[in-house]
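A look at the structure
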Amino acid sequence: MSVQSTSSGQTASSWQTASSGQTASSGPSAPAARAPATGLEPSALSRRVAGGLVILYALITIIPLVWILATSLKSPSDSISYPPKVTFEPTLEGYVNLFTTRSRQTPEYIESLGPPTTWYDELVRSRNMVITGPSRFIDRYWNSIIIGFGSTFLAVFFGTLAAYGFSRFRIPLKDDLLFFILSTRMMPPIAVAIPIFLMYRNLGLSDTHLGMIFLYTAVNVSLAVWLLKGFMDEIPREYEEAAVIDGYTRLQAFWKVVLPQARAGIAATAIFCLIFAWNEYAFALLLTSGEAQTAPPFIPLIIGEGGLDWPAVAAGTTLFLVPIVFFTILLRNQLLRGITFGAVRK
């Protein structure tokens, strides 16, 4: 009996010692093991190489823009010289030709007009020409602003509502509907140009601002729905549920909770929609000719003596880029957040 008691006591004491040792080793006083380095941190050399490649890519992409700007400041003879001139005497003749219409006159007639009253009048008379009136570039430029920004607003508005519905509600055949909406972007414009032309002619929408806004809105809605649905899916539903518990209606929760969270995605979508509507050429060429014609079909048709007036074309292209660049810079912070939205999951 004594032997058994002793052996059982030794076993119990050894179990207590082992368990206490394990508890101590697993307690908070035990030093935590440091994770080995994964080697994911880029080296200084790789960062320099990546930075150099980014700078090189930026320089390559900006060369055409710089060349267009330089051409707009050249004279007509310098713009078509071969080899191309890199150094030249800058002039605003291209911008004057862009905003005015001119006619060639004899030196005697020009002298009879008296001294020029403005610097651009003097510049035109140095070419033995006189200004007969303003060009229609301002009208075409204003049409681009109305149609581009108007269709962008409607596309983002309808796209936001549709994306929220697809993201939050159970819709029958939702995947099929989303694919159908996306399939409208797969069709080339020339495939539907003739049916749209005939339909617009019968409805009286040809060469109207309203017709072009409706058309660009219909084309851009598919892009807006797909982009914004991804942003809506990343917004936690718990935010809306908490707002509803606090007494908000579904519409109030959408307006005060969802929209502020989706602001970055809406800004990014607006930029992409505006770029399409601003640069669109095929429909604008086919469906407009005077009242609602935008700048893209008008700029390539600026004719000078002996052919295209390349400085005026380059000047129009330079000015045509200004609203897009300004709009992108204005929303650049939202655009960066919108592109990277959802990179870190909740």
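Everything here concerns the structure above.
For the structure given in this document, a descriptive report is provided here. (Residues numbered from 1 in each chain as written. Predicted model: local features only at pLDDT ≥ 70, side-chain atom pairs only at ≥ 80, totals over all residues. Heavy atoms only, no water.)

Under the counting rule described, the total for this entry stands at six salt bridges. Lys 229 is the salt-bridge partner of Asp 233, the closest N and O atoms lying 2.9 Å from each other. Remark: Lys 229 and Asp 233 occur in helix H10 (residues 209-234); sequence separation between them is four residues, near one turn of the helix. Take Lys 229: its relative accessible area is 17%, and that puts it in the buried class. One connected set of salt bridges, linked through shared partners, spans Arg 168, Glu 240 and Arg 250. (Salt bridge = Lys/Arg side-chain N within 4 Å of Asp/Glu carboxyl O. Helix = DSSP H or I, 4+ residues; strand = E, 2+ residues; numbered from the N terminus. Buried < 20%, exposed > 50% of the residue type's maximum accessible area, 1.4 Å probe, protein only.)

Take the layout of surface pockets next. One number sums up the size of the second largest pocket: a volume of about 360 Å³. Of all the elements, H10 adds the most residues to the lining of the second largest pocket, at five residues. For the lining of the second largest pocket, the residue count by class is twelve nonpolar, two polar and two charged. (1 Å grid on protein atoms, 1.4 Å probe; cavity = no way out; pocket = protein on both sides within 12 Å on 5 of 7 lines; lining within 4 Å. Points joined across faces, edges and corners; volume = space filled by probe spheres on them. Nonpolar A, V, L, I, M, F, W, Y, C, P; charged D, E, K, R; others polar.)

For helix H16 (residues 310-330), with 21 residues, the first-to-last C-alpha span of 31 Å sits near the 30 Å given by 1.5 Å per residue. The sharpest bend along H16 reaches about 25° and sits at Val 322, with the proline Pro 323 one to four residues further on. Where H16 is concerned, the buried positions are Pro 311, Ala 312, Val 313, Ala 314, Ala 315, Gly 316, Thr 318, Phe 320, Pro 323, Ile 324 and Phe 327. Contact partners of the buried residues in H16: helix H2 (44-72), helix H3 (76-79), helix H4 (93-99), helix H7 (137-168), helix H13 (263-279) and helix H15 (295-298). (Expected span 1.5 Å × (residues − 1). Bend = angle between axes of the 7 residues up to and from the residue. Contact = heavy atoms within 4.5 Å.)

Before going further, it helps to examine unusual backbone geometry. A cis amide bond links Tyr 82 to the next residue, Pro 83, at an omega of 0°. Even without being a glycine, Asn 128 presents a positive backbone phi close to 60°. One can find Asn 128 in the loop between helix H6 (119-125) and strand E2 (129-134). One non-glycine residue, Leu 173, lies in the positive phi region at around 55°. Within the secondary structure layout, Leu 173 lies in the loop between H7 and helix H8 (174-183).

What follows concerns a nonpolar patch on the surface. Residues Ile 55, Leu 59, Ile 62, Ile 63, Leu 65, Val 66, Leu 321, Val 325 and Ile 329 make up a contiguous nonpolar surface patch of roughly 790 Å² in combined accessible area. Per-element tally for the nonpolar patch: the top contributor is H2, with six residues. Within the secondary structure, Val 66 sits in helix H2. (Patch = residues over 30% accessible without salt bridge, like charges linked within 9 Å, V, L, I, M, F, W, Y side chains within 5 Å. Areas by Shrake-Rupley, 256 points an atom, 1.4 Å probe, with all protein chains shown as cover.)

Here the focus is the packing of H13 against H16. The interhelical angle for the contact between H13 and H16, taken along N-to-C directions, is 175°, at an axis separation of 11 Å. It follows from the interaxial angle that H13 and H16 lie roughly antiparallel. Residue-level contacts link Ala 270, Ile 271, Leu 274, Ile 275, Trp 278 and Asn 279 of H13 to Phe 320, Pro 323, Ile 324, Phe 327 and Thr 328 of H16. When its residues are assigned to classes, the contact of H13 with H16 shows nine nonpolar, two polar and no charged. (Axes fitted to C-alpha atoms, helices over the stretch in contact; angles between N-to-C directions. Parallel < 35°, antiparallel > 145°, perpendicular 65-115°, else oblique.)

Tallying each qualifying case throughout the model produces 13 aromatic pairs. Look at Phe 137 and Tyr 141: their rings are 5.5 Å apart centre to centre, the planes differ by 40°, and that puts the pair in the tilted class. Of this pair, Phe 137 and Tyr 141 both sit in helix H7, four residues apart, roughly one helical turn. We note that Phe 137, like Tyr 141, is buried. Consider the rings of Tyr 216 and Phe 276, whose centres lie 6.2 Å apart with planes at 80°: the pair is edge-to-face. Of this pair, Tyr 216 sits in helix H10 while Phe 276 sits in helix H13, and the two are 60 residues apart along the sequence. A residue is classified by how much of its surface remains accessible, and Tyr 216, at 1% relative accessible area, is buried. (Phe/Tyr/Trp six-rings, centres within 6.5 Å; stacked < 30°, edge-to-face > 60°.)

Following both chains from N to C, one finds H7 and helix H12 (residues 250-261) inclined at 110°, their axes separated by 13 Å at the closest point. Taken together, H7 and H12 sit at an angle that is classed as roughly perpendicular. From H7, Thr 160, Leu 161 and Tyr 164 reach across to H12, where they touch Arg 250, Phe 254, Val 258 and Leu 259. Tallied by class, the residues present in the contact of H7 with H12 amount to five nonpolar, one polar and one charged.

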